[in-house]
Each structure stands twice: as structure tokens, then as C-alpha cells.
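Coordinate inspection notes
Residues per chain, in single letters:
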Amino acid sequence: MPSLISRRRVLQGVLASVPSSGILANQFLGASLSESAEASPAETVRILMPAPLADATAPAVRKFNLRHRDVQIAVTRGPLDTETLSDLATSSLLLGDSPFDLLLMDVSWTARYVAAGWLQPLETLLGDDALAGMVPSARLGNAFGGHLWRMPLSGDTALLYWRTDLMPRPPRDTQELAAMARALQDQGKVRWGYVWQGRQYEGLSCVLLEVLHGFGGRWWDSQTGRTDLMSAEAHEAFHWLTNLVRQGISPPGVANFAENDALQLFLTGEVAFMRNWPYAWQLIAQENGPVTGKVGVTPLVGAPGHQGGGTLGTWGLSLLAGSPRPMGAARVIRWLTGTDVQRDLVRSQGYAPTWRSLYEDGSLQESHPLMEVQSQALLHPLVRPLTPLYAQISDVLQRQGNALLTSTLSPEVALARAQRQSELILRAAGASTDP
Amino acid sequence: MSADLLPLLWMAPALLLLGLVFLWPWVHYCWLSFHASSLLTGLATLPNGGANWQRLLQDGRFWQDALQTVRFAGVSVGLELGLGLLIALLLHRPSRGRGLLRALVLIPWALPGTVMALGWRWILNDPHGPLNALIQSLGRSPFPFLTSPSTTWAFTVLADVWKTTPFVAIILLAGLQSIPRDLEEALRLEGAGHWTVLRRLQWPLLTPYVSLALLFRLAQAFGVFDLIQLLTGGGPAGSTESLASYAYLQAMRFLDFGYSATLMLATFLMVLVLSLLWLGGMRLVGARR
């Protein structure tokens with residue numbers, strides 16, 4: 001039975017995930033949130049960040065502010081939830097005169113924000129080769145239409161966490177994963193085999209993207225700019241995922257799990273495998289609970305004969321249109337996305353860096369073994385469809401995917417509906433190509 | 001100044017405020033619902049005839065959400081009226097500590113909706129929530145309350161009923177207290193019991209208060225957003241999505257403001273029609289009496 005401590009932690013997680021109703025209200029009222037710089041220097045560059053990244057970069061912001069007199073950084077801690085942060089940014093942008101100069105953006109927002117005309121190109125400020133020193137996968141989703149729109153700060157991809165005390169090695173494919181999980185459950189070593197994110201939200205789109213690719217299928221055809229969900233591989237992928245729940249390898253509650261729900265259950269020691277982002281590594285290490293020191297990480301696996309991969313979930317800084325401080329903002333972007341700050345973020349938070357030089361830094365690799373796995377995972381990144389209509393087609397996939405998991409639809413029907421509804425959205429929009 | 005204009009002058013500040021916060025947004029929504037304003041227009045607002053309304057009629061998700069919203073509003077408001085009346089009758093009876101009880105009853109209503117929704121999400125958490133802890137302490141497996149459309153819907157209604165029944169109870173209690181006590185005493189002297197007093201005296205005189213509570217609650221239930229957004233996110237599989245959630249999604253996530261305005265107007269029209277039907281019905285009943 002889960003301990004009281006783990007319950008407390010889940011409650012903390014639930015409270016931490018408060019979408020920003022209050023924050024939105026404050027924003028509408030023009031109230032300012034906690035800021036790291038109160039003084040009014042020559043120029044203050046204001047940034048909106050999700051709370052965890054605002055906390056993680058706080059030392060770097062302080063360092064910058066101490067070193068520079070002419071430009072200061074003021075960070076607004078936004079909501080924890082990715083989409084709610086976008087809602088907050090959207091509210092401020094719709095009001096016209098955004099109080100922010102920079103926005104720390106999820107990779108999946110970029111095309112939409114560009115189409116809305118909310119971003120300023122960065123190449124004139126940072127140079128055409130700004131991304132040149134980065135690993136190839138970290139460059140994805142930042143530049144299109146001949147412009148650079150975003151400088152990535154982290155190169156995170158989803159990973160597979162496994163229990164080193166229960167198995168000698170991680171699974172090599174999905175078949176092994178299910179078999180190993182089932183065997184451990186049968187032996188009574190764990191209650192559940194595999195936890196992941198099945199709630200109707202963006203996290204489920206990432207999981208479905210990974211499973212589709214892991215079985216040789218795909219969500220999006222970048223050549224035609226259309227969804228491609230009616231393949232035999234997609235059927236097989238959806239069947240595998242459904243069977244995880246139907247066969248009891250994953251708990252039925254996984255259909256309502258977000259990242260934190262999966263992590264909290266994994267921390268109790270009742271689970272063999274977990275799909276999550278790199279942030280979980282640091283939390284598992286700090287937990288000092290039943291699984292501390294007994295967890296390994298590996299790239300997500302695919303079906304036998306297919307390459308697995310994790311969704312690219314990078315965060316990056318973009319310059320908002322209308323910012324009167326582009327030069328100061330460019331200096332801040334250079335600093336916060338630079339190698340010094342990213343090295344500190346690896347050490348303090350375990351975030352995957354984007355610079356090639358950091359992956360080649362032997363001492364860093366030695367002190368942070370997770371980097372080796374992250375570097376492998378970045379060889380096969382899965383990029384979510386790069387289209388301004390991404391939010392719509394992701395919403396369709398989430399609804400149908402969740403219907404599949406809650407047993408209200410068969411895989412065939414869920415896929416057919418997702419394909420048909422996505423086609424309708426794309427056709428109605430007259431969009432068939434990438435931005 | 002003529003006597004006819006003077007009242008208008010006194011009411012002018014209130015009318016101006018109403019115009020600003022109600023009429024202007026309503027007129028703006030009407031105007032926007034006949035325009036395309038989305039990513040495809042670069043967020044520019046361009047006239048599109050009645051395309052948004054045509055789309056609404058053919059949008060299966062709108063009709064599904066409309067049905068879900070009507071069902072949610074009908075069941076939750078119905079339960080709130082029944083339970084609210086029961087609580088109001090109990091609180092109306094002279095008893096020790098009645099003042100304290102009246103204050104206690106209001107606590108759920110006083111809680112912010114977001115806090116209440118998060119509280120329920122925690123209570124229903126699988127497997128760590130208190131409800132599942134209770135189930136597990138009885139030797140049973142934890143139950144995934146928020147993964148089945150039917151249980152999720154039932155708990156969404158329960159959460160709403162828990163929060164807003166006190167509001168209905170207080171309105172009905174105010175109604176009960178406005179009934180002259182000598183009428184009740186006279187009826188009781190003639191041998192009437194509790195049921196007869198309720199049916200023949202209290203209920204007919206409570207009707208305006210019931211109407212008031214119902215209209216307030218109907219409008220709120222049709223616009224339910226925070227509870228859905230935080231407790232279920234519209235899931236599982238969109239089965240608890242309300243019209244307000246859908247409109248929010250269209251505006252904030254899809255950046256389709258023309259269609260979002262159309263959805264909100266359609267919701268408004270539905271509430272308006274239902275309210276007029278109720279008021280018309282009440283008038284008919286009153287005329288028969």
C-alpha cells in the first residue's frame with residue numbers, strides 16, 4: 001500500500017500543477033508576479049518562463065545581473081503546466097502591448113506563434129550560424145521559412161526509466177519491455193509493469209508519437225503536410241498500447257496520468273518501467289525513497305526491428321514582436337542559452353544541453369552519466385508536426401487516444417476518427433504544407 | 001427636468017456599468033461571430049458572412065458538448081434545488097446553534113472553484129487519494145475514478161453539487177424567512193402537518209426564490225469551466241468537455257476567435273431560451289393559481 005509520504009508528495013504534485021487561473025487573472029489586471037530584479041536600470045529585459053525553469057535559471061540570471069549594469073534580467077515565474085504557460089503568454093500577446101520581451105517556449109508552439117506574428121526573427125541579432133555549434137536534433141523546430149525564431153536552452157527528449165535492482169539490463173524493444181514487466185508482476189516483485197502519460201493532454205500526444213514511430217508508423221507526413229494514421233503500423237502501435245492497459249501491465253489509472261502522476265507511482269517502488277522526461281532523474285536521486293540508487297535510464301525502445309525514439313521537448317527563448325529592447329534581449333539570449341549556463345543546468349538539474357561541445361566534455365560526462373543516455377536519445381529525436389495547426393491536430397489525437405485507453409473506442413476506430421478529423425481541420429484551413 | 005427622465009438619470013451610472021460589462025461584450029461577440037479571426041487570417045478580422053454559424057451547425061463536437069453541458073446543468077441544478085430546499089427547511093427550524101450551522105453550510109460555496117476542483121482531484125487520485133486509501137484499507141484494489149466517462153461525469157456533478165448547494169439553500173432560506181409566521185401558525189391550527197404546510201404555503205410562496213436560484217445556477221452551470229478544466233481537462237475522451245471549455249480551447253489554444261465567439265453566443269442563446277421558457281412556465285402556473 002502506498003505510504004503516507006508518497007500521498008503527501010502526490011498532493012504536492014497536484015497542487016503544483018495548478019493551472020494559472022489566478023495567475024491569468026493577475027495578468028489581466030496588469031499585476032506583476034515575482035521578479036528577480038526590482039531596480040530600474042538602463043534596460044530591463046523581461047522574460048516569462050515556466051516556474052521550474054525560472055527556478056533552475058535563477059543563479060544564471062543573478063550572475064548576469066551582477067555582471068551587467070546596462071542590461072538587467074527580470075524573470076516572471078509562469079505556471080508549471082506547459083499549455084497553461086502558453087495560455088498566459090497568449091493572453092498578454094492578445095492585449096497588444098506584451099509586458100515581456102522574451103518567452104521561454106516549448107518547441108511545439110513555435111509554428112503557431114510565428115503564424116500569429118508574435119515573434120521577431122533572431123538571425124539578424126544572433127547571426128545566421130547561431131545554431132551551428134548545436135547537436136543536430138536540438139536545432140530542429142527553431143528555424144523555418146528562412147528565419148531563426150528560437151534559441152534552444154535545453155535538448156530534452158523523453159526517456160525510459162528502469163529498475164536496476166529488478167533486471168540485469170533494460171529491454172531492447174517493446175516486446176521485451178512488455179514481457180519483462182509481465183514477468184516481474186507475476187513474480188510479485190512489482191504491482192505494475194509500466195507507467196506513462198495517458199491523460200487527455202499534450203503529454204499523451206508525445207506518447208502516441210513515440211509509439212507510432214516505434215512501430216514504424218508516423219503521425220505526420222512532412223512531405224505532404226498531412227496526417228498519416230491509417231497504416232498497418234499505426235494499428236499495431238495502438239493495439240500494443242491498449243494491451244498494456246487491458247493486460248494489466250499498466251494500471252487503468254494511467255489513462256488519467258500526467259508526468260507527475262507516473263513519477264509518484266514509480267517512486268513508491270511498485271513499478272518496473274516509467275516513460276518520463278529527464279527532470280525525473282534528479283527528483284528520483286533526491287527522493288531517498290524505495291527506488292533511490294536502483295534506477296537506470298535508457299532511450300525509449302521501438303518494436304522489434306524498428307528504431308525507438310523520444311519526443312523532442314526542448315525549451316528555447318524567443319523574442320516577442322514589439323519588444324523595444326531587441327539588442328539587450330539578444331545579449332540575454334546569448335547568455336542564457338550559452339555553454340556556461342547550460343553546463344550549470346546539467347550539473348544542477350540534469351537538463352540535456354544543446355551544445356555539441358558539452359557532449360564532448362569528458363569531465364561533464366563522467367560526473368553526469370545521464371548525459372551519455374541523453375546524447376544517444378538525441379540521435380533519434382521525434383519532432384511533433386511543424387504546423388501552425390499543431391494545437392488542433394494534437395487535440396484530436398489526444399481525444400481519440402484517450403478514448404482508446406478508456407476502452408470507449410477500438411484502435412481502428414480511434415485512428416480512423418483521428419485521421420478524418422485531422423484531415424477536416426487541415427482541409428478547412430487550406431493548409432497542406434509546413435510553414 | 002421632467003419626472004420621467006429623473007429616474008433614468010439616477011440609474012445612469014448603473015446602466016453605464018451594465019452597458020460596459022455586459023452589452024458591449026455581447027455586441028462585440030455578435031459582430032465577431034460574423035467574422036473570421038484566426039491564424040489563417042493572421043489574426044486580422046475579416047467578414048465571412050455566416051460561415052461560423054454554418055460551421056457550428058455541422059460541428060459534431062459542438063453538439064456533443066452542448067448535450068453534455070445541458071445534461072450537466074440539468075442534473076446538477078436539479079440536485080442542488082432538491083438538496084438546497086431540504087437544507088433550507090432544516091436551517092429554518094428553530095434549533096440551538098442554528099447560526100453556526102448556517103455559517104458552516106456556506107463553507108463550500110466560499111471556497112474558490114479552483115481550490116475545490118483540485119481538492120476533488122486529490123480525493124479521487126488513483127492510487128494515492130484518500131478515497132482510494134479507504135478502498136485499499138478494506139483490502140480492495142484502487143479504483144480509477146477519473147478514467148471512465150460515467151464515473152468521471154458523476155464525480156464532476158457531485159463536486160458541483162457539493163460546492164453550490166449552499167448557495168441555493170441560502171436563497172431558499174431567505175425565501176422561507178420572508179413568509180409571515182402567522183400564516184404557518186394559522187395553517188397548523190387547522191391541523192396541517194409539515195407536508196401540507198410545505199405544499200400549500202411554503203412552496204407557492206417560495207416560487208420566486210426558486211426561480212431566482214435556478215436562473216443564477218443555470219447560467220453558472222452552462223458556463224462551467226474551472227471545475228472541468230482542473231478536475232478532468234474535458235476527458236476522458238472529451239466526455240466531460242463543456243461548451244465553455246470548447247470555446248476556451250478555440251480561443252486560447254487554436255487562436256480561432258471568430259468561432260470561439262460564435263460558441264459563446266450559442267451558449268448564451270441556449271441559456272436565454274431556457275430561462276425564458278422557465279419564466280413563461282412560471283407565469284402560466286401563477287396565472288392558473
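Here's a quick rundown of the structure. (Residues numbered from 1 in each chain as written. Chains lettered and ligands numbered in written order. Predicted model: local features only at pLDDT ≥ 70, side-chain atom pairs only at ≥ 80, totals over all residues.)

Here we come to the overall build of chain B. The secondary structure content of chain B amounts to 13 helices and two strands. Referenced to the eigenvectors of the C-alpha coordinate spread, the extents of chain B come out at roughly 80 × 75 × 35 Å. Here chain B holds 289 residues, and the buried ones make up 36% of them. Long-range pairs, those at least 24 residues apart, make up 67% of the contacts in chain B between residues at least 6 apart in sequence. (Helix = DSSP H or I, 4+ residues; strand = E, 2+ residues; numbered from the N terminus. Buried ≥ 20, exposed ≤ 12 C-beta atoms within 10 Å, placed from the backbone. Contact = placed C-beta atoms within 7 Å.)

Strands in a sheet are paired, the pairing made by backbone hydrogen bonds, and the direction either parallel or antiparallel. Residue and element names in this part refer to chain A. Strands sit in the order β9-β12-β8-β13 across an open sheet of four strands; the sheet is mixed. Of all strands in the sheet, those bounded by a partner on one side alone are β9 (192-195) and β13 (295-299). Strand-to-strand twist of the sheet, defined as the mean angle between neighbouring strand axes without regard to direction, takes the value 20°. By the bridge criterion, three bridges tie β9 to strand β12 (residues 271-276) in an arrangement that is parallel. Counted as the bridge partner of Y194 is F273 from β12. (Pairing = 2+ DSSP bridges. Axes fitted to C-alpha atoms, helices over the stretch in contact; angles between N-to-C directions.)

Moving on, we come to the interface of chain B and chain A. Many structure descriptions define interface size as the accessible area lost when the parts assemble. Facing the 33 residues of chain B at the interface are 36 residues of chain A. For the side of chain B that touches chain A, the secondary structure elements donating two or more residues are α6 (113-123), α7 (130-137), α11 (226-231) and α12 (243-253) of chain B. It is α6(B) that contributes the most residues to the side of chain B that touches chain A, four residues altogether. In terms of residue class, the side of chain B that touches chain A is built from 17 nonpolar, 12 polar and four charged. (Nonpolar A, V, L, I, M, F, W, Y, C, P; charged D, E, K, R; others polar.)

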